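Coordinate inspection notes
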Amino acid sequence: MNRLSTLASVALAGSLLAAPAAAGEGKSSVFVSNRDDTLSLVECKTHEKHGIRCREKQHLEVGFSTSWPANQYRGDKHWWWSGLGGEVIGLRARRSAAPLLDPANLKVVETYELPGVPAGRNPDGSNFIGVAPDGKVAWNAAREIDELQEIDTDPKSPTFGTILTRIAVPLSPDAGPDGRSNGRMRPCDMSITPDGRYLWEPDLGGETVTGVDLHTRQVIAQLTLAPLDPDNPVRPFMLTTNGEIALVENFEAPFGTYSVIDVSDAANPVEVKRLTQADGLGVNAQTSEFTPDGRFAYLITNGSPEIAGRVDVLDLETLQITNHIALPEGCAPHNGDFSNDGKFFFVNCSGSNELAVISNALQSVVQQVALSGDTPRGVIVR
């Protein structure tokens, strides 16, 4: 049996570990960050007879715009975390967005200030933060200083909101040039395995995927992704893992691709498949999520002026795309999160100022929620 066949047989079991917590089953508070520095709170309730009903409960100007990774664990039930320019921010809110108007409910962590070093390159650079399974720490990819950072996210800890560990991403043979604004490796996202043992991140400038052992705080693997066309770099920029496979979104020309990487042997990751439009993939790959039942992965594609954005369904047993979930006209999606009961998936529609609600059982949109904010971008469920 080859490695691809073996991977397909174990992917289902491994992805079951990624199911969201059942706390608050039947009710979900969906926080949606808008590009106009506002936040929408959508309240959703699951009904056995009527499916799900959602409404925008609040819309507040909060003074910042966040964009969450698609693969955080729940962590503390009140606090959640996001990357901003040059910093990451913890936000204390669960059933209402109103607490965010009080600075006491915000925890800002400066991520681009290096100890003993003058202001580094691009102090407003991007951050991509993901909470670990135990909720006590998060790991952040500070893209333009080529650094991975462990941050204390335990509100009961005396070091809450401080950087505990810094790991430099090693240079790959294909690392980009040293510049005043950009890093060379440019770690651009991250995902932590459900057992909390490993971290995987894509290197936009390095043409690689890097693995870290979180017990030893050491880099243990760096896989180079070979381009399909030698004239077009892969440019990996997003990643989600269930501990058995990692799905990596690539900017690879002309329309974007997905790498499927076997990470079951963490020291020896292997790319087993590259999904392209020939496999039924949509245009302009964005992020991905494993469904709570462990059977599928949702591949979110943003689309183009000619081709609508959508959610492609990847069967984790066969590694084939088996369905395409149409989204509202002009949606232009980026990411999503699951309801607390695991029955529904919420996707941002940045182009139509809506939240699309997908039934996991039907694999189709069952509700569209109009939002008051402009250009909704980040989605996270509490």
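Before reading further, recall that the structure is shown in the block above.
Here the structure is a predicted model, which is why all the values come from computation and not from measurement.

1. What to know about the pattern of salt bridges
As enumerated under the stated definition, the model contains 11 salt bridges in all. Notably, a salt bridge pairs Arg310 with Asp312, separated by 2.7 Å at the nearest N-O pair. Take Arg310: its relative accessible area is 21%, and that puts it in the partly exposed class. Via salt bridges that share partners, Glu43, Arg55 and Lys57 belong to a single interconnected network.

2. Notes on the environment of Ile52
Secondary-structure assignment places Ile52 in strand S3 (residues 51-61). A sequence separation of 221 residues divides Ile52 from Lys273, and the C-alpha atoms of the two residues are 36 Å apart. Setting aside residues up to four positions removed in sequence, Ile52 forms contacts with Cys44, Lys45, Thr46, Phe344, Phe346, Val357, Val366 and Gln367.

3. Focus: the state of the cysteines
One pass over the full model with this rule turns up 2 disulfides. With its sulfur 2.2 Å from that of its partner, Cys44 forms a disulfide with Cys54. Taking the torsion about the S-S bond as the criterion, the Cys44 to Cys54 disulfide, at about 120°, is right-handed. In this pair, Cys44 is assigned in strand S2 (residues 38-47) and Cys54 in strand S3, connecting sequence segments 10 residues apart. Cys54 matches Cys44 in its accessibility class, with the two residues each being buried. A sulfur-sulfur separation of 2.2 Å characterises the disulfide bridge that pairs Cys331 with Cys349. The sign of the S-S torsion, about -85°, decides the handedness of the disulfide formed by Cys331 and Cys349: left-handed.

4. Things to note about the sheet that holds strand S24 (residues 344-349)
Read from one edge to the other, the open sheet built from 4 strands follows the order S23-S24-S25-S26, with strand pairing classed as antiparallel. The strands lining the two open edges of the sheet, one partner per strand, are strand S23 (336-338) and strand S26 (364-370). Shown here is a sheet whose adjacent strand axes are inclined to one another by a mean of 25°, direction ignored. Sheet topology places S23 next to S24; 3 bridges connect them, and they run antiparallel. The residue bridging Gly336 from the neighbouring strand is Val347, located in S24.

5. Examining the packing of aromatic side chains
Scanning the model with the defined rule gives 8 aromatic pairs in all. Here the aromatic rings of Trp81 and Phe160 are separated by 5.9 Å at their centres, their planes lie at 80°, and the arrangement is edge-to-face. You can see Trp81 sitting in strand S4 (residues 79-84) and its partner Phe160 sitting in the loop between strand S9 (147-152) and strand S10 (163-168), a full 79 residues away along the chain. Judged by relative accessible area, which is 2%, Trp81 ranks as buried. For Phe160, a relative accessible area of 12% gives the class buried. Geometrically, the ring pair formed by Tyr298 and Phe345 is tilted, given 5.1 Å between the ring centres and 55° between the ring planes. Pair noted here: Tyr298 is in strand S20 (residues 296-301) and Phe345 is in strand S24, with a separation of 47 residues, a long-range link. Comparing Tyr298 with Phe345 shows no difference in burial state: the two are buried. A connected cluster of aromatic rings, assembled from ring pairs, spans Trp79, Trp81 and Phe160.

6. Some thoughts on the side chain of Gln286
By the element assignment, Gln286 lies in strand S19 (residues 285-290). Sequence-distant contacts of Gln286, that is, excluding residues within four places in its chain, are made with Phe237, Met238, Glu249, Tyr258, Ile300, Thr301, Asn302, Pro333 and His334.

7. Topic: the sheet that holds strand S6 (residues 106-110)
With antiparallel pairing, 3 strands are arranged side by side in an open sheet as S4-S5-S6. Here the strands that pair on one side only, and so sit at the sheet edges, are S4 and S6. Taking each pair of neighbouring strands and ignoring which way they run, the sheet shows an average axis angle of 20°. Bridge count for S4 against strand S5 (residues 87-92) is 6 bridges, and the pairing is antiparallel.

8. Comments concerning the nonpolar core
By size, the foremost hydrophobic cluster in this structure holds 20 residues, and its most contacted members are Trp139, Leu148, Ile192, Leu199, Val212 and Leu214. Of all the secondary structure elements, the ones that give two or more residues to this core are strand S8 (137-142) and strand S15 (236-241). At 3 residues, the largest contribution of residues to this core is made by S8. In contact with Leu199, other than residues within four places in its own chain, are Trp139, Leu148, Met190, Ser191, Ile192, Thr210, Gly211, Val212 and Leu214. Val272, Leu275, Ala285 and Ala297 belong to the second-largest nonpolar core, a separate cluster that totals 15 residues.

9. A look at the layout of surface pockets
Of the voids in this model, the second largest pocket is the one considered here, and its volume is about 270 Å³. Contributing to the lining of the second largest pocket are 20 residues, with Ser67, Asn127, Phe128, Met238 and Arg377 lying nearest its centre. Within the residue set of the lining of the second largest pocket, elements represented by two or more residues are S4, strand S7 (127-131), S15 and S19. A class-by-class count of the residues in the lining of the second largest pocket yields 7 nonpolar, 10 polar and 3 charged.

Reading the values: rules and limits
- Residues numbered from 1 in each chain as written.
- Predicted model: local features only at pLDDT ≥ 70, side-chain atom pairs only at ≥ 80, totals over all residues.
- Heavy atoms only, no water.
- Salt bridge = Lys/Arg side-chain N within 4 Å of Asp/Glu carboxyl O.
- Buried < 20%, exposed > 50% of the residue type's maximum accessible area, 1.4 Å probe, protein only.
- Helix = DSSP H or I, 4+ residues; strand = E, 2+ residues; numbered from the N terminus.
- Contact = heavy atoms within 4.5 Å.
- Disulfide = S-S within 2.5 Å.
- Pairing = 2+ DSSP bridges.
- Axes fitted to C-alpha atoms, helices over the stretch in contact; angles between N-to-C directions.
- Phe/Tyr/Trp six-rings, centres within 6.5 Å; stacked < 30°, edge-to-face > 60°.
- Core = buried A, V, L, I, M, F, W, Y, C linked by side-chain atoms within 4.5 Å.
- 1 Å grid on protein atoms, 1.4 Å probe; cavity = no way out; pocket = protein on both sides within 12 Å on 5 of 7 lines; lining within 4 Å.
- Points joined across faces, edges and corners; volume = space filled by probe spheres on them.
- Nonpolar A, V, L, I, M, F, W, Y, C, P; charged D, E, K, R; others polar.

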